[in-house]
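Here is how the chains run, residue by residue.
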Amino acid sequence: MEKLEDKVICECGEKTVAQAIEIFKHTDLPYKKAKKLVTGCNQTCCRRPLMALFNMVEFGEIDYEEIAFLIDAKNDRLKD
């Protein structure tokens with residue numbers, strides 16, 4: 001089973017949760033611009049998990065299970 005921080009958060013940028021956390025920690029950009037650093041695109045496909053992760057990093061406590069749930073929900077929606 002893959003570790004939660006190794007899950008790909010957005011297929012556009014092919015970044016993992018751990019990589020996205022590092023990017024968010026080292027930027028003072030607002031969400032919309034910081035998101036582009038992770039995804040490299042303007043699409044809204046990963047908005048919910050990325051926005052939740054951005055807020056968690058900003059407030060200092062990361063719930064990996066919630067992020068994994070949001071990623072799985074996103075992937076299920078994209079399959080349909």
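To start, this report covers the structure provided alongside it. Predicted model, so just to flag it, every value in this text is computed and none were measured.

### Notes on the nonpolar core
Core analysis: the biggest nonpolar cluster contains 19 residues, and Ile 9, Val 17, Phe 24, Leu 50, Leu 53 and Ile 67 have the highest contact counts within it. Among the secondary structure elements, those contributing two or more residues to this core are β1 (8–10), α1 (17–25), α2 (31–39), α3 (47–59) and α4 (64–79). A total of 6 residues in this core trace back to one element, the largest contributor, which is α3. Leu 53 has contacts with Ile 9, Val 17, Ala 20, Ile 21, Phe 24, Ile 62 and Ile 67, leaving out every residue within four places of it along the chain.

### What about the environment of Tyr 31?
On the secondary structure map, Tyr 31 appears in helix α2. Taking relative accessible area as the criterion, Tyr 31 reaches 14% and is therefore assigned buried. Separated by 19 residues in sequence, Tyr 31 and Leu 50 place their C-alpha atoms 8.8 Å apart. Apart from the residues lying within four places of it in its own chain, the contact partners of Tyr 31 are Arg 47, Leu 50, Met 51 and Phe 54.

### Here we look at the packing of α1 against α3
The contact between α1 and α3 brings their axes to 10 Å, and the two run at 50°. Put simply, α1 runs oblique to α3. Where α1 crosses over α3, the handedness of that crossing is right-handed. Residue-level contacts link Val 17, Ala 20, Ile 21, Phe 24 and Lys 25 of α1 to Leu 50, Leu 53, Phe 54 and Val 57 of α3. Residue composition of the contact of α1 with α3, by class: 8 nonpolar, no polar and 1 charged.

Criteria and cut-off values
- Residues numbered from 1 in each chain as written.
- Predicted model: local features only at pLDDT ≥ 70, side-chain atom pairs only at ≥ 80, totals over all residues.
- Heavy atoms only, no water.
- Core = buried A, V, L, I, M, F, W, Y, C linked by side-chain atoms within 4.5 Å.
- Buried < 20%, exposed > 50% of the residue type's maximum accessible area, 1.4 Å probe, protein only.
- Helix = DSSP H or I, 4+ residues; strand = E, 2+ residues; numbered from the N terminus.
- Contact = heavy atoms within 4.5 Å.
- Axes fitted to C-alpha atoms, helices over the stretch in contact; angles between N-to-C directions.
- Parallel < 35°, antiparallel > 145°, perpendicular 65-115°, else oblique.
- Left-handed = near helix turned anticlockwise from the far one by under 90°.
- Nonpolar A, V, L, I, M, F, W, Y, C, P; charged D, E, K, R; others polar.

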